[in-house]
Each structure stands twice: as structure tokens, then as C-alpha cells.
Amino acid sequence: MGLLSRLTGMASAKKPTDDVLLAHAMLLMAGADGDIDDSEIAVVRGFASTLPEFKDRDFGQVVGEAQKLVRRFGNLKESVNALSELSTPALRAKAYVLAADIALASGDVDEAEDELLTTMQRLLGIDDQTAQTIIWVLQRKYEK
């Protein structure tokens, strides 16, 4: 939130679209360690290319819009709250699956990723049984 918004109590009326929020979820997880490198952007781009929400969308533009969320919330950690604006339970579940997939794709989940995934689970309203099932399936995906 910018200075004008804070002082006037006015916030932007434009809500982020679901595709931007899904990209934001993936980028949050990719950057959970405090940095997003080119290989992590490539992974997020690859995931996005398989999803119907990104069909006919310029990925660079979607990422730019996701970055605006970070500025709106003041920092990366607080911007996770934007995910509560996803429009349907199915999209909330999809965001959780994508974030977990990004975390596990790196080969090992660190403490920051684990904490972020726990926060996302709470914000997105994913029950423990569903979360455990998602993680179990994704672990099978990345088993060697």
C-alpha cells in the first residue's frame, strides 16, 4: 500500500485476477528463500504454460502484475495474504498444489518453504487431510 493509500484510507479498487494470483503463489514459493533466480523463473514459466488460466496470456505481463501485489502489501512475506482473493475453492486448491509442486521440484524443502506452505494452507482453507494427500502425491512425482 502506497503513502497516499495509507493516508487516505483508500485502496486500489482493482482486484487481481485469478491468473495473477496463481502466478503469485508460484513466485512466492520460488522466492521463499529470499531470491528468485533465472532457473526458478523458468520452472514457474513451465508450470504456467501447462495451465488453462495462462492460455493466450503474456507471462511477463502476468509476472509484472504479480509484482504489483508485493508492492501493494509492502513486502513479499505479507503479499501471501493476496491469495485469499482467489475466486473459487478449486482455484485455492490449485494454488496450493502449484506452490507445493514448486517447493518439491527443487529436490529439498527448506524451513522457509515449509513455513510458507503452512501459511498458504491456512489462508487458502486447505484441510490437513487434503494437504497431506497433495504432498504425498507430489512426493511420488519427485521420488528417484
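Not measured: the values here are computed from a predicted model.

A word on the overall build of the chain
- In terms of regular secondary structure, the chain is built from seven helices and zero strands.
- Mapped in sequence order, the helices and strands of the chain form the string α-α-α-α-α-α-α.
- Compactness check: the chain gives a C-alpha radius of gyration of 15 Å against a globular reference of 15 Å for 144 residues, within 12% of the reference.
- Counting only C-alpha atoms, the chain reaches 55 × 30 × 30 Å along its principal axes.
- Scored against the burial criterion, the 144 residues of the chain give a buried share of 36%.
- If you take every contact in the chain between residues at least 6 apart in sequence, the share linking residues at least 24 apart comes to 75%.
- Carbon and sulfur atoms form 55% of the exposed surface of the chain, whose accessible area is close to 8500 Å².

Some words on a negative patch on the surface
- A grouping of Asp33, Asp35, Asp37, Asp38, Asp108, Asp110, Glu111, Asp114 and Glu115 is seen on the molecular surface, where their side chains present a negatively charged patch.
- Tallying contributions element by element places helix α6 (residues 111-124) first for the negative patch, with three residues.
- Counting through the fold element by element, Asp108 comes out in the loop between α5 (89-105) and α6.

A word on the nonpolar core
- Grouped together as the largest cluster of nonpolar side chains are 42 residues, with contacts concentrated most on Met26, Met29, Phe54, Tyr96, Met120 and Leu124.
- Taken together, the elements giving at least two residues each to this core come down to α2 (18-30), α3 (38-49), α4 (59-73), α5, α6 and α7 (128-142).
- When residues of this core are assigned to their parent elements, the largest contribution, 10 residues, is made by α2.
- Excluding anything up to four places from it in sequence, Leu124 contacts Leu83, Leu86, Arg92, Ala95 and Tyr96.

Remarks on the packing of α2 against α6
- Relative orientation of the contacting elements α2 and α6 amounts to 155°, with a least axis distance of 9 Å. The angle between the axes of α2 and α6 places the two elements in the roughly antiparallel class. On the side of α2, the interface is formed by Ala25, Leu28 and Met29, while α6 contributes Glu113, Leu116, Leu117 and Met120.
- Across the contact of α2 with α6, the residue classes tally to six nonpolar, no polar and one charged.

Details of unusual backbone geometry
- In this structure, Asp56 takes a positive phi of about 65° despite not being glycine.
- With respect to the element layout, Asp56 can be found in the loop between α3 and α4.

As for the environment of Phe47
- Within the fold, Phe47 resides in helix α3.
- For Phe47, a relative accessible area of 15% translates into the label buried.

As for the pattern of salt bridges
- Counted under the stated rule, the structure contains six salt bridges.
- Close ionic contact of Arg140 with Glu143 constitutes a salt bridge, the shortest N to O distance being 3.1 Å.
- Take Glu143: its relative accessible area is 51%, and that puts it in the exposed class.

Here is what the cut-offs are and how they apply
- Within every chain, residues take consecutive numbers counted from 1 along the sequence as written.
- The predicted nature of this model means local features are confined to residues of pLDDT at least 70 and side-chain atom pairs, given and counted, to a pLDDT of 80 or more, with totals for whole chains, interfaces and linings taken over all residues.
- Neither water nor hydrogens contribute to the side-chain values; these are computed over all heavy atoms in the structure.
- In DSSP terms, a helix is any run of H or I states spanning at least four residues, a strand is any run of E spanning at least two, and both are numbered starting from the N terminus.
- With C-alpha atoms as the basis for the radius of gyration, the globule rule is written as 2.2 Å multiplied by the number of residues raised to the power 0.38.
- Type-normalised accessible area, obtained with a 1.4 Å probe on protein chains alone, sets the label of each residue: buried when under 20%, exposed when over 50%, and partly exposed for intermediate values.
- Contacts: residue pairs with any heavy atoms within 4.5 Å of one another.
- Under the convention used here, a 1.4 Å probe and the Shrake-Rupley method define accessible areas, while residue burial counts only the protein chains that appear.
- Residues enter patches when their relative accessible area tops 30% and they take part in no salt bridge; the joining distance is 9 Å for like charges and 5 Å for the nonpolar side chains Val, Leu, Ile, Met, Phe, Trp and Tyr.
- Salt bridge criterion: a side-chain nitrogen from Lys or Arg within 4 Å of a carboxyl oxygen from Asp or Glu.
- By the counting rule applied here, Lys and Arg register as positive and Asp and Glu as negative, while His and the ends of each chain are not counted.
- Taken as the charge location is NZ of Lys, CZ of Arg, CG of Asp or CD of Glu.
- Remark: nonpolar core denotes a set of buried residues (Ala, Val, Leu, Ile, Met, Phe, Trp, Tyr, Cys) joined through side-chain atoms within 4.5 Å.
- For helices, the fitted line uses only the C-alpha atoms of the stretch in contact; every axis is such a line through C-alpha atoms, and the angle between N-to-C directions lies from 0 to 180 degrees.
- Comment on the angle field: the value is read as roughly parallel under 35 degrees, roughly antiparallel over 145, roughly perpendicular from 65 to 115, and oblique elsewhere.
- Residues are grouped as follows: nonpolar covers Ala, Val, Leu, Ile, Met, Phe, Trp, Tyr, Cys and Pro; charged covers Asp, Glu, Lys and Arg; every other residue, Gly included, is treated as polar.

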